[in-house]
Amino acid sequence: MLLSIVWLVISVSVGFIISLQMTNPSLFAGISFLHFGRLRPVHVNGVAFGWLTNVFFGMSLYMTQRLCRKPLIAFSLAQTALPLWNITVALGVLSVMFGQSQGLELAEFPLWVDALVVVCFLMLFIPVIATVATAMQPKLYVAQWYIVAAYIWTALNYVMGNTLPLWALPGAAGANIHSTYLHDVVGLWVTPMGVAAMYYLLPLVTKKPIFSHKLSLIGFWGLAFFYPLNTAHHYLLSPIPTWVQVFAITASFTLIAVVYSVMHNFFATMSGKWGEIADSIPLRFLLFGSIFYIITCTQGPMHAQVFMQRVIHFTDWVIAHAHLALLGVFSYWNFAAIYYFWEKWTGRSLKKNLSEWHFWLTTLGFTIYFLSLTAAGLLQGFFWKNPSVDFMESVRVSIPFWWVRSFSGLMIVIGQFIFAYNLFFSGAQPHGEVKTVHTEA
Amino acid sequence: MFFERFKGVFFVAGILFFAIPFVFMVMLPTRQLASKKPPSGKLVSAYSPVEQKGRQIYIREGCMYCHSQFVRPVDFETARYGKASQSWEHLNDLPHLYGTRRIGPDLARESQKRTDDWHYAHLYGPSNVVKDSVMPAFSWLFEGSAAKPNEEGKALVAYLQTLGRNNMEEKSESAVTETGEIVITPELTARGKTLYETNCVSCHGEKGDGKGPAAAALTPKPRNFIEEKFKYGDDVQSIFKTLAKGSPGTAMPSFAQLPSDDRRALAAYVRSFREAK
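Residues numbered from 1 in each chain as written. Chains lettered and ligands numbered in written order. Predicted model: local features only at pLDDT ≥ 70, side-chain atom pairs only at ≥ 80, totals over all residues. Heavy atoms only, no water.

### Focus on the overall build of chain B
Logical step 1: Across its full length, chain B carries 11 helices and 0 strands.
Logical step 2: Starting at the N terminus and walking to the C terminus, you meet the elements of chain B as α-α-α-α-α-α-α-α-α-α-α.
Logical step 3: Its C-alpha atoms give chain B a radius of gyration of 24 Å, more than 25% over the compact-globule value 19 Å for 277 residues.
Logical step 4: For chain B, with 277 residues in total, the buried portion stands at 54%.
Logical step 5: Sequence separation of 24 or more characterises 66% of the internal contacts of chain B that already satisfy a separation of 6 or more.
Logical step 6: Of the accessible surface of chain B, which amounts to about 12,600 Å², a share of 57% is contributed by carbon and sulfur atoms.
Logical step 7: Between the averaged position of the 37 positive side-chain charges in chain B and that of its 31 negative side-chain charges there is a distance of 5 Å. (Helix = DSSP H or I, 4+ residues; strand = E, 2+ residues; numbered from the N terminus. Rg over C-alpha atoms; globule rule 2.2 N^0.38 Å. Buried < 20%, exposed > 50% of the residue type's maximum accessible area, 1.4 Å probe, protein only. Contact = heavy atoms within 4.5 Å. Areas by Shrake-Rupley, 256 points an atom, 1.4 Å probe, with all protein chains shown as cover. Lys, Arg positive; Asp, Glu negative; His and termini not counted. Charge placed at Lys NZ, Arg CZ, Asp CG, Glu CD.)

Here it is as structure tokens:
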């Protein structure tokens, strides 16, 4: 498990460096494998499958054992899968850089890498599901619902998204299933795994039970039912049949209720504990992640409406929104998890002032990043609304905002380096390394 | 309660709730889309081997991250790019390349909008051709100069020229070539100069001598406005028409997308090179 976290910190650093490189189009001119079109998938896949997924694997293996009160069935299988997974993602990313992309966003890895992904995933899926299925508990903990569902959803989704739109469904039908895959990676993997970590950590950090079990139920089942129905909202006003789009818009809107039920649970549990965010880094990351979650999930259903789509679709607004979800929400919850467990698992003590730097650089940097891209997106959208304005004007007007984005991106990158330094090089090492962790887990 | 047990979560939320949208939101629309055939008179052309290779290069270089391939049925979008896209146009597009971001313009109606030479010059050095462009230069698709695309460069351009060919617009020529009266004033010429600097200098050069940065890649060479004969006439009305229609067989594209007032100003400025001789 420690191994997974070692890898994820490398992934996040690489991911963020790459995102910074992308802001300057002439960087690395003439080197085929380093231009924007080849590096963008490295960043996107690195963040989703490298950084976020690694923490999810580590956390879900740990949480499952704790919540089921028994050791993982076939632990060695999962243990082998983790380094294998990281090699697979690295191979996938390299193969895309060197020209083997499948051409579908977030499903770029070529077929031979897809096969490895599926094998690794099953090597984790089987131990987790088998452990929960044989735990003989009268009912599962909330976090466990999300973990179980996320594993089965993602097993199905990954296979669906990497086969059908490549071999069987052309054009609009392909776009439709691709948007289903893409959004389900976010909604049925990243979201439930992140929410699971949040549900697990919050009672531990605040030392209070979750406010309402009924709200937890509504949140989980609402997500399970409505989320996979809303995915066509990525291609509104496209040649995908209109009734599909209308349905997706409606399903998107219901998610407001789903998300607010989860977030009400969060903030009600927080009550009486607000003072602690000053001292507790994990709690602060949890809280800020949750605030960003509310913003993301209010934005989402709003821009699934056609009147918003007309202007903001295809612009940087959407890029800002995606970063709000994956950096602002799920990376923050992952940071909370890492801060909470790192000292316990490794026996190192972290430096508080470095953690503070990490928090503030990331938060300030990200806030600037989000605002600049949102503003740029609005300008682009409104420039395009006037067909007599040359397209290039929308590029020229964005450039100052892109500089601000690079600057704020740099703040985020530095923040992550401090984070990595803090995790690996600060503090004493009173007792042994990897092995103790495995036995404890 | 069932909803809190493993069976409920795994089988109902996990499998059933994934299967319902798969059938309802994926398979049903797929069946419907597969049955949508092109209207009579139109057909969905298959990609030739070269075009298919070009499509693979488009994917390999990640062109779809910055260029979408569908025009939405929204007034300002059809005015900028052309007809709204229809699902039957893309029946041979596997995988789809619709895209979700426009850092550069949409390419769904690219077929025959520009010449192959224009594309070579642009792919070799985007900012030579389009001022301030942020597109990367694809030098590895060429043998050292824009005039020498390699097999991959040729295939990519062949593919770009297919985009939208299944549903070409029948152009009403009169709408864009209707000159109206052009009164040459210093203001009009000055405005033309500004437009010239964004739209024309890359090929025709700042001085109008046909020696812009992209000119080296083009055959035939761009017109030298100062000295050479104009193929379609050098009076201001004719220049205006050439701007609307482009010059077939050369890299000169149509500038019909510019409002006619802008084209009047440009014609006046281009004409001024001759008068200054």
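### Here we look at the interface of chain A and chain B
Logical step 1: Taken together, the 90 residues of chain A in the interface contact 72 residues of chain B.
Logical step 2: For the pair chain A and chain B, the summed buried surface comes to about 7,100 Å²; carbon and sulfur atoms form 70% of the total.
Logical step 3: At the boundary of chain A and chain B, one finds 5 salt bridges.
Logical step 4: The salt bridge involving E61(B) is made with R38(A); its shortest N-O contact spans 2.8 Å.
Logical step 5: At the boundary of chain A and chain B, one finds 25 residue pairs in polar contact (both at pLDDT 80 or more).
Logical step 6: When residues in the side of chain A that touches chain B are grouped by element, the largest group, 11 residues, is from helix α7 (residues 171-206) of chain A.
Logical step 7: When its residues are assigned to classes, the side of chain A that touches chain B shows 57 nonpolar, 22 polar and 11 charged. (Buried area = accessible area lost by both parts, 1.4 Å probe. Salt bridge = Lys/Arg side-chain N within 4 Å of Asp/Glu carboxyl O. Polar contact = N/O pair within 3.5 Å; in protein donor to acceptor, adjacent residues only side chain to side chain. Nonpolar A, V, L, I, M, F, W, Y, C, P; charged D, E, K, R; others polar.)

### A closer look at the environment of N230(A)
All names here are of chain A.
Logical step 1: Take N230: it is sitting in the loop between α8 (213-226) and α9 (242-270).
Logical step 2: Residues N230 and S179, 51 residues apart in the sequence, show an inter-C-alpha distance of 9.6 Å.
Logical step 3: When neighbours within four sequence positions are excluded, N230 is seen to be in contact with H183, A248, A251, S252 and L255.

### Some details on the packing of aromatic side chains
The relation between two aromatic rings is expressed through the spacing of the ring centres and the mutual angle of the planes.
Logical step 1: Here the structure, examined in full by the defined rule, presents 67 aromatic pairs over all chains.
Logical step 2: Between the aromatic rings of Y293(A) and F330(A), the centroid separation amounts to 6.1 Å while the plane-to-plane angle is 75°, which identifies the pairing as edge-to-face. Here Y293(A) is found in helix α10 (residues 281-303), whereas its partner F330(A) is found in helix α12 (residues 316-346), with 37 residues between them in sequence.
Logical step 3: The exposure class assigned to F330(A) is buried, which follows from its relative accessible area of 2%.
Logical step 4: Cation over ring: R284(A) sits above F359(A), and NZ or CZ is 4.8 Å from the ring centre.
Logical step 5: Over the face of the ring belonging to W118(B) we find R114(B), whose NZ or CZ atom lies 4.6 Å from the ring centre. (Phe/Tyr/Trp six-rings, centres within 6.5 Å; stacked < 30°, edge-to-face > 60°. Lys NZ or Arg CZ within 6 Å of the ring centre and 35° of its normal.)

### Let's talk about the pattern of salt bridges
Oppositely charged side chains may form a pair once their charged atoms are brought near each other.
Logical step 1: For the coordinates displayed, the defined rule picks out 24 salt bridges over all chains.
Logical step 2: Notably, a salt bridge pairs R101(B) with D316(A), separated by 2.8 Å at the nearest N-O pair. With one member in each of two chains, R101(B) in the loop between α3 (75-81) and α4 (116-124) and D316(A) in helix α12 form a pair that bridges those chains. Each member of the pair, R101(B) as well as D316(A), carries the same accessibility label: buried.
Logical step 3: With a shortest N-O distance of 2.9 Å, E89(B) and R109(B) are connected by a salt bridge. You can see E89(B) sitting in the loop between α3 and α4 and its partner R109(B) sitting in the loop between α3 and α4, a full 20 residues away along the chain.
Logical step 4: Residue E89(B) is classed as buried on the basis of its relative accessible area of 5%.
Logical step 5: Beyond isolated ion pairs, a larger network of salt bridges with shared partners links R38(A), R60(B), E61(B) and E152(B).

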